Amino acid sequence: MFTLPATELTKKFKSKELTAKEIVTAFLKRCKEENLGALLSILEKTALAKAALLDERLAKGEVLGSLAAVPVIVKDNIMIQGETLTCGSKFLEDYKATYTATVVKKLEDEGAIIIAKANMDEFAMGSSTEKSAFKPCNNPWNEKCTPGGSSGGSAAAVAARLAPLSLGSDTGGSVRQPAAFCGIYGFKPTYGRISRYGLVAFASSLDQIGPFSTNIDDLALISSVINKPCLQDSTSIQEPPEDYSASLSGEIKGLKIGVPTDMLEGLHPDIKTSYDTFLETLKKKGATTVPITLPNNKYSVPVYYILAPAEASTNLARFDGIRYTKRSKCAKNLNEVYELSRTEGFGPEVVNRILLGTYVLSAGYQDAYYRKAQKVRSLICKDYDTAFQQCDVIAFPTTPAPAFVHGSITDPLTMYKQDIFTISANMAGLPSLSIPAGFTKDGLPIGMQVQARQMDDGLVMNVAKAFELETEHFSKIPASCGELK
Ligand code: GLN
């Protein structure tokens, strides 16, 4: 059951081969036994209650949704009313969400069952899940390595078959980089396509919720369920949802793939080889490649580390020891409530970002840093506009190197460079998908990224379908999963 795609699992439930209770009980057991550090909480009681209800409804002959009885894990910065929501931070250790995120509602409307909350870097700041205030998370392919981050728990969980599907959030690469490191699909949709209501904001102009899956059909299915317009998110695109499953013909004859020739230096040799194979495979299916350039991409990391902290410093101002968070026991007056609660509650990476953001927004430096970065962001977007005059999609590796060993990156700037290939899609609000595309000689997964114009989310998924039809990388399961039935 653990290796079945979500599409199959729900069929087996609807045809009464498996009950929802059997499915959920089995996955909950895997979750309880996991020792990767992928999960922060397990929602056993509510999951079992929902499973029982689905079994009753099926017995009554009700028609159930497209994800009926499918277990899903969500990153712990996405709210479910009454459940703990830590954002990977000690500050929110005891916080219970007061409402439910739109994405979770949409999933539940289709019968999905949320079984656990996933580990993450504190407030989604990081690329390794080592910055979780609770515990690090290991990569199921090699437990000495990180799963990437910040949605490392969600990625490791799906790779380890703790659930067929999970949700993460991607502000600069936090869905795609861990997907690449863990050998699964991870999708950042067009900005505004998936509601952010109930996602704890990090950098609101860049944040998007995105799904993880082991195969492209499942990814299209879950994306089609959560891509509905939402009135509670003012940036939500008010257009009818699309059925991405209908885009998955695998037919890509005549598709023009942009190859950013100015971005391919310094790749890990095995990733370079995989990239070449990736393009060759797509060419055999009738696509052509076109050289393009994204000349301002080299500024994407510095621009991101001005804009994202600036937005984070304002978004995180609400965590003040008064409303949501733990209050310092040492505080003797109002100022100390703010100061001490924040000092005790936030981890060092979060403090760095808040300081950086406050600095670049301060009166004397706003023009020099924040406004300048905004201008460069526009240039990065313009590069894409120019490139998309010559091609339909752009393809390049998700990361320049595979998963790294825990503790091996200590310098923040080196860690920040993890996102060198992923940030620009957030800057421009483009759909971008990391596709499992093979393994290094050491057996670590490799991911290739396909990006397209805004709202071409279905096209990106269809490129993945074309590749998936020709390969088996996606179906590989880490040895650490043991014998799976
Ligand atoms: N690694 C990036 C950061 O630390 C991106 C994080 C994300 O996408 N949430 O900010």
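Just so you know, these numbers come straight off a predicted model, no measurement behind them.

We now examine the overall build of the protein. Secondary structure assignment for the protein yields 15 helices and 11 strands. Radius of gyration (C-alpha) of the protein: 21 Å, near the 23 Å computed for a compact globule of 485 residues. Along the three orthogonal principal directions, the C-alpha set of the protein runs to about 60 × 55 × 45 Å. The buried share of the protein, taken over its 485 residues, is 60%. When contacts within the protein are restricted to residue pairs at least 6 apart in sequence, those whose partners lie at least 24 apart make up 75%.

This part takes up the pattern of salt bridges. Under the defined criterion, the tally for this structure stands at 22 salt bridges. Between lysine 50 and glutamate 108 there is a salt bridge, with the nearest N and O atoms lying 3.1 Å from each other. With lysine 50 in helix H3 (residues 44-59) and glutamate 108 in helix H4 (residues 102-109), this residue pair connects regions lying 58 residues apart in the sequence. A salt bridge links lysine 272 to aspartate 276; the nearest nitrogen and oxygen atoms lie 3.0 Å apart.

In space, the 11 strands of this open sheet follow the order S1-S3-S2-S4-S6-S5-S10-S11-S9-S7-S8, with mixed pairing throughout. Pairing within the sheet leaves two strands with one partner each, and these edge strands are strand S1 (39-42) and strand S8 (288-292). Averaged over all pairs of adjacent strands, the angle between strand axes in this sheet comes to 30°, irrespective of strand direction. As defined by bridge partners, strand S10 (residues 432-439) adjoins strand S11 (residues 445-452) across six bridges and the pair is classed as antiparallel.

A few words now on the packing of H4 against helix H7 (residues 216-226). One can describe the packing of H4 onto H7 by two numbers: an axis separation of 8 Å at closest approach and a directional angle of 115°. The pairing of H4 with H7 is recorded here as roughly perpendicular in orientation. Our pair here, H4 against H7, has a crossing hand that is right-handed. Together, Val103, Lys106 and Leu107 of H4 and Ile222, Val225 and Ile226 of H7 make up the contact between the two elements. A breakdown of the residues in the contact of H4 with H7 according to their chemical character gives five nonpolar, no polar and one charged.

Calculation notes
Residue numbers run consecutively from 1 along every chain, following the written order of its sequence. Two thresholds apply to this predicted model, a pLDDT of at least 70 for residue-level local features and 80 or more for giving and counting side-chain atom pairs, whereas whole-chain, interface and lining totals are computed over all residues. The side-chain quantities take in all heavy atoms of the structure and omit both hydrogens and water. The numbering of helices and of strands both runs from the N terminus, where a helix is a DSSP run of H or I of at least 4 residues and a strand a run of E of at least 2. Note on method: radius of gyration uses C-alpha positions; expected globular size equals 2.2 Å times residues raised to 0.38. Only protein chains enter the area calculation, which uses a 1.4 Å probe; residues under 20% of their type maximum are buried, those over 50% are exposed, and those in between are partly exposed. Whether two residues are in contact is decided by their heavy atoms, any of which lying within 4.5 Å being enough. Criterion for a salt bridge: a side-chain nitrogen of Lys or Arg within 4 Å of a carboxyl oxygen of Asp or Glu. Pairing between two strands requires that DSSP report at least two bridges joining them. Geometry is summarised by axes, namely lines fitted to C-alpha atoms with helices restricted to the contacting stretch, and by angles between N-to-C directions that run from 0 to 180 degrees. Here roughly perpendicular refers to angles of 65 to 115 degrees, roughly parallel to angles under 35, roughly antiparallel to angles over 145, and oblique to all remaining angles. Should the near helix be turned counterclockwise from the far one by less than a right angle, the crossing is left-handed, whereas a clockwise turn marks it as right-handed. Throughout this entry, Asp, Glu, Lys and Arg are counted as charged residues, while Ala, Val, Leu, Ile, Met, Phe, Trp, Tyr, Cys and Pro are counted as nonpolar. The remaining residues, Gly among them, count as polar.

Note that every value here comes from positions in space, so none of it alone points to a role or purpose.
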